[in-house]
Amino acid sequence: MRTLIDIISEELKQAFTACGYAEKYGQAAVSNRPDLCQYQCNGAMAAAKEYKKAPIMIAQEVVAALDKKKFSEVTAIAPGFINIKVCPYYLTLYLEDMAKAEKYGYEEQGRGEKIIVDYGGPNVAKPLHIGHLRSAVIGESIKRICRFAGNEVIGDVHLGDWGLQMGLIIEELKERKPELCYFNESFTGEYPAEAPFTISELEEIYPCASGKSKVDEEFKERAHTATAKLQEGYAPYIALWKHILRVSVEDLKRNYENLDVSFDLWLGESDAQPYIPAMIDDMVEKGYARESMGALVVDIAEETDTKELPPCIVRKSDGAALYETTDLATIIQREKDYGPDRYIYVVDKRQELHFVQVFRAAKKCGLVSADKELTFLGFGTVNGKDGKPFKTRDGGVMRLENLISGVNEEVFNKVMSGREMPEDEARAIAKTVGLAALKYADLSNQIAKDYIFDIDRFTSFEGNTGPYILYTMVRIKSILTKYAEMAGAADGVIAHPYSGESETREYGAAETDLMLTAAKFNDVVAKTYEEMAPHKLCQYIYEMANAFNSFYHNNKIMGEEDRKKQSEWIALITLVLKLLETCIDLLGFEAPERM
Ligand code: ARG
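Notes on the structure follow.

Some remarks on unusual backbone geometry
Moving on, step 1. Looking along the chain, the bond that leaves Ala-78 and enters Pro-79 is cis, with omega of 0°.
Moving on, step 2. If you trace the backbone, Pro-79 turns up in the loop between β3 (71–77) and β4 (81–86).
Moving on, step 3. Here Ala-125, not a glycine, exhibits a phi torsion of approximately 75°, which is positive.
Moving on, step 4. Secondary-structure assignment places Ala-125 in the loop between β5 (114–118) and α5 (130–148).
Moving on, step 5. Looking at Ala-125, the relative accessible area reads 4%, which means it is buried.
Moving on, step 6. Not every positive phi belongs to a glycine, and His-158 is a case in point at roughly 45°.
Moving on, step 7. Examined against the element boundaries, His-158 turns out to sit in the loop between β6 (152–156) and α6 (164–176).

Re the pattern of salt bridges
Any two side chains of opposite charge can pair, on the condition that their charged atoms come close.
Moving on, step 1. Evaluated as defined, the whole model comprises 46 salt bridges.
Moving on, step 2. In this structure, Glu-140 and Lys-143 form a salt bridge, with 3.3 Å as the shortest nitrogen-oxygen distance. Of this pair, Glu-140 and Lys-143 both sit in helix α5, separated by 3 residues, roughly a single helical turn. Lys-143 matches Glu-140 in its accessibility class, with the two residues each being buried.

Things to note about the nonpolar core
Moving on, step 1. By size, the foremost hydrophobic cluster in this structure holds 169 residues, and its most contacted members are Ile-82, Phe-521 and Ile-573.
Moving on, step 2. Looking at which element gives the most residues to this core, the answer is helix α20 (residues 563–587), with 14 residues.
Moving on, step 3. Sequence-distant contacts of Ile-82, that is, excluding residues within four places in its chain, are made with Leu-12, Phe-16, Tyr-39, Gln-40, Cys-41, Ala-59, Val-62, Val-63, Val-74 and Thr-75.

Digging into the side chain of Thr-528
Moving on, step 1. When you line up the elements, Thr-528 lands in helix α18 (residues 521–531).
Moving on, step 2. A residue is classified by how much of its surface remains accessible, and Thr-528, at 1% relative accessible area, is buried.
Moving on, step 3. When neighbours within four sequence positions are excluded, Thr-528 is seen to be in contact with Ile-145, Ala-533, Pro-534, Lys-536 and Leu-537.

Things to note about the packing of α5 against helix α14 (residues 423–443)
Moving on, step 1. Running from N to C, α5 and α14 point in directions that differ by 85°, and their axes come no closer than 10 Å. Considering their axes alone, α5 and α14 lie roughly perpendicular with respect to each other. Contacts between α5 and α14 involve Leu-133, Arg-134, Val-137, Ile-138 and Ser-141 on the former and, on the latter, Leu-438, Lys-439, Asp-442 and Leu-443.
Moving on, step 2. Its residues assigned to classes, the contact of α5 with α14 comprises 5 nonpolar, 1 polar and 3 charged.

As for the sheet that holds strand β7 (residues 289–292)
Moving on, step 1. Spatially, the 3 strands line up as an open sheet ordered β7-β8-β9, and their pairing is antiparallel. Bordering the open sheet on either side are β7 and β9 (312–315), each of which pairs with just one other strand. Put simply, the sheet's adjacent strands are angled 45° from each other on average, direction ignored.
Moving on, step 2. Here β7 pairs with strand β8 (residues 295–298) via 4 bridges, running antiparallel. The residue of β8 that forms the bridge with Ala-289 is Val-298.

Describing the layout of surface pockets
Moving on, step 1. The volume enclosed by the second largest pocket comes to roughly 420 Å³.
Moving on, step 2. Contributing to the lining of the second largest pocket are 18 residues, with Pro-34, Gln-38, Thr-512, Asp-513 and Leu-516 lying nearest its centre.
Moving on, step 3. Secondary structure elements with two or more residues in the lining of the second largest pocket: β4, α17 (509–519) and α19 (534–554).
Moving on, step 4. For the lining of the second largest pocket, the per-class residue count stands at 8 nonpolar, 6 polar and 4 charged.

As for the packing of helix α2 (residues 43–51) against helix α3 (residues 55–65)
Moving on, step 1. For the pair α2 and α3, the least separation of the axes is 8 Å and the interaxial angle reads 120°. Regarding the angle of α2 to α3, the classification is oblique. Between α2 and α3 the crossing geometry is right-handed. Within the contact between the two elements, α2 uses Ala-44, Met-45, Ala-47 and Ala-48 and α3 uses Pro-55, Ile-58 and Ala-59.

Quick notes on the packing of aromatic side chains
Moving on, step 1. Scanning the model with the defined rule gives 25 aromatic pairs in all.
Moving on, step 2. Here Tyr-25 and Tyr-51 contribute two aromatic rings whose centre-to-centre distance is 6.3 Å and whose plane-to-plane angle is 75°, an arrangement assigned as edge-to-face. Here Tyr-51 lies in helix α2 and Tyr-25 lies in the loop between α1 (4–18) and β1 (29–30), a separation of 26 residues in the sequence.
Moving on, step 3. Taken together, a centroid distance of 5.0 Å and an interplanar angle of 75° make the contact between Tyr-256 and Phe-263 edge-to-face. With respect to class, Tyr-256 is no different from Phe-263; both count as buried.
Moving on, step 4. Counting every residue linked through ring pairs, the aromatic cluster contains Tyr-343, Tyr-345, Phe-355, Phe-359 and Phe-376.
Moving on, step 5. Lys-103 extends its terminal NZ or CZ atom over the ring of Phe-148, reaching a point 4.7 Å from the ring centre.
Moving on, step 6. The ring of Tyr-234 has Lys-229 lying over it, and the distance from NZ or CZ to the ring centre is 4.5 Å.

Things to note about helix α13 (residues 400–416)
Moving on, step 1. With 17 residues, α13 ought to run about 24 Å at 1.5 Å a step, and its terminal C-alpha atoms sit 24 Å apart, in line with that.
Moving on, step 2. Taken residue by residue, α13 has Leu-400, Leu-403, Ile-404, Val-407, Asn-408, Val-411, Phe-412 and Val-415 as its buried positions.
Moving on, step 3. Taken together, the buried residues of α13 touch α5, α14 and α15 (455–458).
Moving on, step 4. Gly-418, located one to two residues past α13, shows a positive phi value of around 70°.

Observations regarding the site of the ligand
Moving on, step 1. Lining the immediate surroundings of the ligand are Asp-118, Gly-121, Asn-123, His-158, Tyr-323, Asp-327, Tyr-345, Val-347, Gln-351 and Phe-355.
Moving on, step 2. Contacts to the ligand include Asp-118, whose side-chain N or O atom sits 2.9 Å from a nitrogen atom.
Moving on, step 3. In this structure, an oxygen atom belonging to the ligand sits 2.9 Å away from a side-chain N or O atom of Gln-351.
Moving on, step 4. For the ligand, the protein covers 84% of the area, taking 350 Å² as the surface of the free molecule.
Moving on, step 5. Mapped onto the shell around the ligand, the elements with two or more residues apiece are α11 (323–337) and β10 (342–348).

What counts, and at which threshold
- Residues numbered from 1 in each chain as written.
- Predicted model: local features only at pLDDT ≥ 70, side-chain atom pairs only at ≥ 80, totals over all residues.
- Heavy atoms only, no water.
- Helix = DSSP H or I, 4+ residues; strand = E, 2+ residues; numbered from the N terminus.
- Buried < 20%, exposed > 50% of the residue type's maximum accessible area, 1.4 Å probe, protein only.
- Salt bridge = Lys/Arg side-chain N within 4 Å of Asp/Glu carboxyl O.
- Core = buried A, V, L, I, M, F, W, Y, C linked by side-chain atoms within 4.5 Å.
- Contact = heavy atoms within 4.5 Å.
- Axes fitted to C-alpha atoms, helices over the stretch in contact; angles between N-to-C directions.
- Parallel < 35°, antiparallel > 145°, perpendicular 65-115°, else oblique.
- Nonpolar A, V, L, I, M, F, W, Y, C, P; charged D, E, K, R; others polar.
- Pairing = 2+ DSSP bridges.
- 1 Å grid on protein atoms, 1.4 Å probe; cavity = no way out; pocket = protein on both sides within 12 Å on 5 of 7 lines; lining within 4 Å.
- Points joined across faces, edges and corners; volume = space filled by probe spheres on them.
- Left-handed = near helix turned anticlockwise from the far one by under 90°.
- Phe/Tyr/Trp six-rings, centres within 6.5 Å; stacked < 30°, edge-to-face > 60°.
- Lys NZ or Arg CZ within 6 Å of the ring centre and 35° of its normal.
- Expected span 1.5 Å × (residues − 1).
- Near = heavy atom within 4 Å.
- Polar contact = N/O pair within 3.5 Å; in protein donor to acceptor, adjacent residues only side chain to side chain.
- Areas by Shrake-Rupley, 256 points an atom, 1.4 Å probe, with all protein chains shown as cover.

What follows is the structure in structure tokens.
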């Protein structure tokens, strides 16, 4: 369906042309004075310059020529604004169409593109921490939004499964359990199917080894050697690595499931390794890479750069591959296996330079075509109230699991406070609401901005929070249930035919506001997709929740005696609920039945 703003602009454009002015001046915009009008057009001011006429005269002419069927109020205001209010009855017709339309009137903007979203990016054997929260939450939402827009979207977790942490774990394990067959060079049998550690052991081993490597040079050196051995394909270490991977991925999957985040692909850095040798050869052969102090680099600086960009190092002087190498090789692997039209990386914005280097090198070396869309969505940091990256009370890294259970506990206490509810029901509600609190708090910020982690604020049932949105939805659900019990199924009609378009019933201000907000759905989703900006959806549902709540407080829906009007209200709030449900699904959370 065309957006409301397009329809209004269309009418204005016709009026501008009818009066002899250029069509472009008829573009409408959402009013920045909602106290005066809903939409406005400032075209007369711009036209005044071209046609050398007073803007107010142009505005008056256009208003006179305008077909006003869809409007309840159109006025020309000095110095040349055109202020517009949409006729509520027209809104009801529009909403009626929306309710029947596929995706509530949102027209898919995707051109059926194949998009790979690279998000999550956890590192195997290291526990997930708060830094992984944003990638998972934002990436999941971006994936859903791109799908809703009609694209074929593949989410890839892109595990960090090939780095030094592996060598650290192997060496630490060797110290603890030297008797294991993986460390016996003369061992020739089959390696056990069972891992020689549990996930909790693994989670303890890594930080211990990592700490050790910081104070013990010799240990660190051994870990480097073990990593190199693994990367060369030394069979016992490959066998150990597979155990580490399996145990860790199982745990990661459980964690992501708790976040309602899911990936289509569980590939990792290791999957790109087979492509590295040929890639490097090709870069050298075609002259894209050059030697620099023993390392191999690809120059990526461009004339238009405002600051100097260092070349992209693709091989270290000791022959080792780097993070850049792996990301480039991953592009080769993705091109071969999936051939996506577009790549979106949801990664910490502090990695921006890395991605600029990788994208430019990939294009320069012909790994992807020059016009391929490679998007870096860099997110800001989650900070504590002191403005520094969020930590646990004793200054350690906050594990994601503990963070989530902390939020759930907080919500649980709020759900239970001042009333009786079976504990298991309250726990289930707290899980759903807690997740919404966490995700909404994250997504309601612009992606690139830092934000402050404030559990009290995030879990509040009032204000701009996830729980407030859910609370509003639960309120609508409960009205709908009551109505169904009292009156049976509603007829679902928002606009019953009144006697002609001009003789409609009275619509209250709060009701009109709610209708107008609901009618903006397709426009908001379109902008969210265009700008890859989930915070626009958050803003929208907050606006809608507020509009609904004022409508609710201004009208006794269940007590309304005019049955026709009452059933229209029911149809309206049914649509509002569906729109909210669609939006929160795009954001990656859901609403409980009660709370
Ligand atoms: N594992 C990386 C980290 O923890 C993030 C990976 C992001 N994705 C990528 N293709 N580089 O920093």
